[in-house]
Amino acid sequence: MADLVEMQLVSDAAAVPAPDMLLVGPKGAVHTDIVKVTTEGELKRGTLLMLLTGGYAPGTKAGLSTAENFAILADDVTIGADEYAEVAAYFEGDFNEDAIILPWVGESDDRSEELEAAREPLRKAKIFLRKTHD
């Protein structure tokens, strides 16, 4: 007699993360893909990335006018020294401006001023920053 085969149709190995309101609007993210991130350290979901030679890295204020492309990090990632990570990123869509992480903005900086400076270059890349209401 043959052994029975057991199928597991539902997996409880992973949990769905709580909503973080990064994606907003009727369309949310329009285009998502995997990117190579080359910067050492811990990056959080919502971090603005810019395309450099060899891969994506956290955005900079100077990069707003010089970067070839922008993306928003879709997952948290930790990258070790002399390593890189392939991680999901959003390339187009509507994003909550309060959930976007601008890596160059410190606690003493005027975040609203920096968001305004980033708004037009990101809009040209089809990344729209939207104000949300709680």
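Shown above is the structure to which this text applies.
What counts and what doesn't
All residue numbers refer to positions counted from 1 along the written sequence of the respective chain. Only residues with pLDDT of at least 70 get local features here, since the model is predicted, and only at 80 or more are side-chain atom pairs given and counted; chain-wide, interface and lining totals rely on the full set of residues. As a convention, hydrogens and water are excluded, and side-chain values are obtained from all of the structure's heavy atoms. Any carboxyl oxygen of Asp or Glu within 4 Å of a side-chain nitrogen of Lys or Arg constitutes a salt bridge here. Each helix is a run of H or I in the DSSP string that is no shorter than four residues. Each strand is a run of E no shorter than two, and both are numbered from the N terminus. Classification of residues uses two cut-offs on accessible area relative to the type maximum, computed with a 1.4 Å probe and protein chains only: under 20% is buried, over 50% is exposed, and between them is partly exposed. Expected helix span is given by 1.5 Å per residue-to-residue step, counting one fewer step than there are residues. Here the bend at a residue is taken as the angle between two axes, fitted respectively to the seven residues that end there and the seven that start there. Should any heavy atoms of two residues lie within 4.5 Å, those residues are counted as being in contact.

> Whenever I open this one, the pattern of salt bridges confuses me. Can you help?
Under the counting rule described, the total for this entry stands at seven salt bridges. Between E97 and R119 there is a salt bridge; the shortest N-O distance is 2.8 Å. In this pair, E97 sits in the loop between β7 (85-96) and α2 (111-124) while R119 sits in helix α2, placing the two residues 22 residues apart along the sequence. R123 serves as the salt-bridge partner of E120, at 2.5 Å between the closest nitrogen and oxygen. Highlighted residues: E120 and R123, both in helix α2, separated by three residues, approximately one helical turn. Using a relative accessible area of 36% as the deciding quantity, one classes E120 as partly exposed. Several salt bridges share partner residues, and in doing so they unite E97, E116, R119 and K131 into one network.

> Teacher, can you tell me more about α2 here?
Note on helix geometry: an α-helix contains 3.6 residues per turn, so any two residues three or four positions apart are oriented the same way. For α2, spanning 14 residues, the distance from its first C-alpha to its last is 20 Å, which sits close to the expected 20 Å at 1.5 Å a residue. Along α2, the sharpest kink reaches roughly 30 degrees, centred on A118 and followed within four residues by the proline P121. Inspection of α2 places E114, L115, A118, P121 and L122 among the buried residues, and these make up the whole buried set. Structurally, α2 contributes buried residues whose contacts are with β3 (48-52), α1 (63-66), β5 (70-73) and β8 (127-130). Of the residues one or two after α2, K126 is the one with positive phi, at around 65 degrees.

> Where do I start with unusual backbone geometry in this structure?
Glycine aside, negative phi is the norm for most residues, and most peptide bonds take the trans geometry. The phi torsion at D82 lies on the positive side, around 60 degrees, for a residue other than glycine. Despite not being glycine, K126 has its phi angle at roughly 65 degrees, a positive value. On the accessibility criterion, K126 (46% relative accessible area) is partly exposed.

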